[in-house]
Amino acid sequence: MPRFLSCFGDPSDERKAEPLLSTSASASASISTSTKKGCIFCNVSVEKGFNIAYEDDQLIAFHDRTPRAKTHLLVIPRYHAVDSVRGLTSDHLPLLRAMILLAHRLVPPDPPPKMGFHIPPFSSVPHLHLHVFSGPHTFVGGLKYPISSHGKGKDKKKGLGWFVTAEQVEETLGRGGRVRLGRS
Ligand SMILES: [Zn+2]
Ligand SMILES: [Zn+2]
């Protein structure tokens, strides 16, 4: 059984940091349609112990092993598109929107689900994955999934946290920006 990193498994791994510069660095904006050797999310299967909620040619959704809400799903591209939200560019908007759409299809609309991404160097599995929380949340302390923002209404932007909502990502990429740690 592989050892999972903190946002998907053993909480004792919480402080293990990833290298600041991930290998992807996405110099090329083209979207990868291959898998990465040794990546656990490139090898999601029932046989490997994943509780899969949905899968098709592009996307897979499965239940988090340490749920923080009544339903806590992870939605991932089947292929190793990018390591994390930091690698996304406006070229990935169709992929991002497909992930969000799928998330909305898999959980009830009420109460509205919360969804977002961890931003490295927060310890995380290095394969893009959208966390989807539905129903009563069990955010004890909210440290793993804090949602922060600054500004108001339409101008509301990502705050200083290491968790960014799907909406904030869509907005940032939509204006040609990149998600990073810190305000964007
Ligand atoms: Zn995560
Ligand atoms: Zn992968």
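Look up a bit, the structure's there.
Described in the following lines is the structure provided in the data block. Note that the coordinates shown come from a computational prediction; the quantities given were computed from them, not determined experimentally.

The rules behind the values
Residues numbered from 1 in each chain as written. Chains lettered and ligands numbered in written order. Predicted model: local features only at pLDDT ≥ 70, side-chain atom pairs only at ≥ 80, totals over all residues. Buried ≥ 20, exposed ≤ 12 C-beta atoms within 10 Å, placed from the backbone. Helix = DSSP H or I, 4+ residues; strand = E, 2+ residues; numbered from the N terminus. Arc of directions from axis to C-beta. Pairing = 2+ DSSP bridges. Expected span 1.5 Å × (residues − 1).

Notes on helix H2 (residues 166-174)
And step 1. For H2, the full list of buried residues reads Ala 166, Gln 168, Val 169, Thr 172 and Leu 173. Here the buried residues of H2 occupy an arc of 160° about the axis, which is enough to place them on one side.

Points about the pairing of strand E3 (residues 69-77)
And step 1. Within E3, seven of the nine residues are buried, leaving the element largely enclosed by the surrounding structure.
And step 2. In this sheet, E3 lies alongside strand E2 (residues 59-63) in antiparallel orientation, the contact comprising five bridges. Bridge pairing links His 63 to Leu 73 in E3.
And step 3. Following E2, the chain reverses through five residues before pairing antiparallel with E3.

Quick word on helix H1 (residues 93-106)
And step 1. For H1, spanning 14 residues, the distance from its first C-alpha to its last is 20 Å, which sits close to the expected 20 Å at 1.5 Å a residue.
And step 2. Within H1, the full set of buried residues consists of Leu 96, Met 99, Leu 102 and Ala 103. Along the axis of H1, the buried positions cluster into a sector of 125°, meaning they face one direction only. Summarising the geometry of H1, the exposed residues directed more than 90 degrees from the buried face are Pro 94, Leu 101 and Arg 105.

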